[in-house]
Amino acid sequence: MRLELPSTETPLVPDLLLMRHGQTNANVHGHHQDEHDPITDLGKNQVSSAARNLAKLIGNGVLMLDERPLVIHHGPLPRQEISCGILVDTLAEYDIHPALIEKREVLAERWVTKGLGIGDYDATLPLKSGVAHETWYNVRTRLAPYYTELAEQVSSRQLLVVSSGGTLGMLKLLLHKGRDGTLAILNRDATEGPDDHNPASSQWYLNKVPNAAIDVCTYSSTTGWQDRVRILP
């Protein structure tokens, strides 16, 4: 378990937890997956392990669930739904029960066609695989209202989101940079290309978190969203 906690005895109170689904067959072979790519047995174990680590941190008082209800959002794809189910079942073993579990279509992941500008997107024209596709510009547009929702409802719930690497990466970029800042980064990459050594490059979010990792985030009206802890399987 990798933790980077502040040097204080005060429990860390998460506002948002972002979890990537467990390993899939496509992850094993390093290629893009379609909407039905199954989660592997290792992937299921990864989710269970990460959920146990989360529950233990809560039980030990390192992380704290407060009086706000715990709400879980998950994407509609099988790998996202299965991961969410394993997560919920594992947390229940530690007597942690969400108040609400919602499927959110916005958290799906589609094939992202790299190198296309915003005007090149056509949702009615799938790739040869038959999978609906979009550009990173469109991922930003799709997630922007959800990003706004997170800040508006942070005071009334603690939210755990189960989705995919690209979707969560773009969501985190929105959380850290805002709509305009995210657009500026996408425009920069469109003209200059991504740069591993430039924190203003999209490589910052395209380098996906490991399967089943849980990023713990907090929100402040003065400092905005901050990554505080990464929990690994």
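For the structure given in this document, a descriptive report is provided here. (Residues numbered from 1 in each chain as written. Predicted model: local features only at pLDDT ≥ 70, side-chain atom pairs only at ≥ 80, totals over all residues. Heavy atoms only, no water.)

### Digging into the side chain of R157
Phase 1 of the analysis: Relative to the helices and strands, R157 resides in the loop between helix 4 (136-153) and strand 6 (158-163).
Phase 2 of the analysis: Setting aside anything within four residues of it in sequence, one finds R157 in contact with D15, R68, P69, V71, H73, E149 and L150. (Helix = DSSP H or I, 4+ residues; strand = E, 2+ residues; numbered from the N terminus. Contact = heavy atoms within 4.5 Å.)

### Notes on empty space enclosed by the protein
Phase 1 of the analysis: Here the structure, examined in full by the defined rule, presents two cavities of 30 Å³ or more.
Phase 2 of the analysis: Within this model, the largest cavity holds a volume of roughly 40 Å³.
Phase 3 of the analysis: In terms of lining, the largest cavity is formed by D15, L16, L150, Q153, V154, R157, L159 and W225.
Phase 4 of the analysis: Grouping the amino acids of the lining of the largest cavity by side-chain chemistry returns five nonpolar, one polar and two charged.
Phase 5 of the analysis: Of the voids in this model, the second largest cavity is the one considered here, and its volume is about 30 Å³.
Phase 6 of the analysis: Lining the second largest cavity are L17, L54, I58, L65, L70, L91, I96 and L160. (1 Å grid on protein atoms, 1.4 Å probe; cavity = no way out; pocket = protein on both sides within 12 Å on 5 of 7 lines; lining within 4 Å. Points joined across faces, edges and corners; volume = space filled by probe spheres on them. Nonpolar A, V, L, I, M, F, W, Y, C, P; charged D, E, K, R; others polar.)

### Quick notes on the sheet that holds strand 2 (residues 70-74)
Phase 1 of the analysis: Reading across the sheet, the six strands line up as 3-2-6-1-7-8 and stay open at both edges, with mixed pairing between neighbours. Unpaired on one side and paired on the other, strand 3 (100-103) and strand 8 (224-231) mark the two borders of the sheet. Recorded for the sheet is a direction-independent mean angle of 20° between the axes of neighbouring strands.
Phase 2 of the analysis: Docked against the sheet, helix 2 (residues 41-59) engages strand 1 (16-20), strand 6, strand 7 (214-220) and strand 8, running at close to 110° with respect to strand 8. (Pairing = 2+ DSSP bridges. Axes fitted to C-alpha atoms, helices over the stretch in contact; angles between N-to-C directions.)

### Points about the packing of aromatic side chains
Phase 1 of the analysis: Tallied over the entire structure, the rule returns one aromatic pair.
Phase 2 of the analysis: Between the aromatic rings of Y219 and W225, the centroid separation amounts to 4.9 Å while the plane-to-plane angle is 50°, which identifies the pairing as tilted.
Phase 3 of the analysis: In this structure Y219 comes out as partly exposed when scored by relative accessible area, which is 31%. (Phe/Tyr/Trp six-rings, centres within 6.5 Å; stacked < 30°, edge-to-face > 60°. Buried < 20%, exposed > 50% of the residue type's maximum accessible area, 1.4 Å probe, protein only.)

### Some details on unusual backbone geometry
Phase 1 of the analysis: Positive phi is not limited to glycine here, since D95 has a value of about 60°.
Phase 2 of the analysis: Summarising the element assignment, D95 is placed in the loop between helix 3 (78-93) and strand 3.
Phase 3 of the analysis: Judged by its relative accessible area of 61%, D95 is exposed.
Phase 4 of the analysis: With a phi angle near 70°, A212 is a residue other than glycine that sits in the positive phi range.
Phase 5 of the analysis: Tracing the chain through its elements places A212 in the loop between helix 6 (203-206) and strand 7.

### A few points about the packing of helix 4 against helix 5 (residues 165-192)
Phase 1 of the analysis: Where helix 4 contacts helix 5, the two axes come as close as 8 Å, and the packing angle between them is 130°. Between helix 4 and helix 5, the interaxial angle falls into the category oblique. Two packed elements cross with a definite hand, and for helix 4 against helix 5 that hand is left-handed.
Phase 2 of the analysis: Of the residues in the contact of helix 4 with helix 5, the class split is 16 nonpolar, six polar and three charged. (Parallel < 35°, antiparallel > 145°, perpendicular 65-115°, else oblique. Left-handed = near helix turned anticlockwise from the far one by under 90°.)

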